[in-house]
Amino acid sequence: MSKRLSLLTLTLAAGLMLITGLTRAEAGTTGNPAENTERNVRDRGDTTLTPEDQLQNESDLQVTANIRRAITDDESLSVNAHNVKIITRNGMVTLRGPVNSAAEKTKLQSIAQKTSGVTQVDNQLEIKAP
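Residues numbered from 1 in each chain as written. Predicted model: local features only at pLDDT ≥ 70, side-chain atom pairs only at ≥ 80, totals over all residues. Heavy atoms only, no water.

**Focus on the packing of helix α3 (residues 58-73) against helix α5 (residues 102-114)**
Moving on, step 1. Packing of α3 against α5 brings their axes to within 9 Å, and their N-to-C directions diverge by 140 degrees. What the angle tells us is that α3 and α5 run oblique. Note that α3 runs across α5; the crossing there is right-handed. Judged by residue contacts, I67, A70 and I71 of α3 engage L108, I111 and A112 from α5.
Moving on, step 2. The residue inventory of the contact of α3 with α5, partitioned by class, reads six nonpolar, no polar and no charged. (Axes fitted to C-alpha atoms, helices over the stretch in contact; angles between N-to-C directions. Helix = DSSP H or I, 4+ residues; strand = E, 2+ residues; numbered from the N terminus. Parallel < 35°, antiparallel > 145°, perpendicular 65-115°, else oblique. Left-handed = near helix turned anticlockwise from the far one by under 90°. Contact = heavy atoms within 4.5 Å. Nonpolar A, V, L, I, M, F, W, Y, C, P; charged D, E, K, R; others polar.)

Laid out in structure tokens, this is it:
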């Protein structure tokens, strides 16, 4: 009887731990590195540029396209670097998103600065934690 009770207690405890773990995972409290709720909240404010802020005039669209082309043509850059956000407003370019290293961050800024029509670069790139 004592052995059965111990086994039942152990089974119930394991089940409770499993259910609690799933509840935390569903709530996003697992500390998952993919958790980006804070970043999403920040991006909803008026102080942070998002791709929707890209001006639709021909020169700004061309600057953005030229920077994107130069970045994606560079095979030494990571997938993260290839997918950064590029927002151009009156020649002012904002770079946002994760990159794999400080070297990539610097290289992307250099690419943007060398692009014709760019007056200034606001480098908001974030180095992704390993």
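**Focus: the sheet that holds strand β1 (residues 85-89)**
Moving on, step 1. If you walk across this open sheet you meet the three strands as β1-β2-β3, and the pairing is mixed. In the strand order of this sheet, the two ends are held by β1 and β3 (120-127), each with one partner. The mean inter-strand angle of the sheet, taken between neighbouring strand axes irrespective of direction, is 10 degrees.
Moving on, step 2. Of the strand pairs in this sheet, β1 and strand β2 (residues 92-99) are connected by five bridges, and their pairing is antiparallel. Bridge assignment links I86 to a residue of β2, and that residue is L95.
Moving on, step 3. Sitting on the sheet, α3 touches β1 and β2, and the angle it makes with β1 is about 155 degrees.
Moving on, step 4. Its contacts with the sheet place α5 against β2 and β3, and it is angled at close to 160 degrees to β3. (Pairing = 2+ DSSP bridges.)

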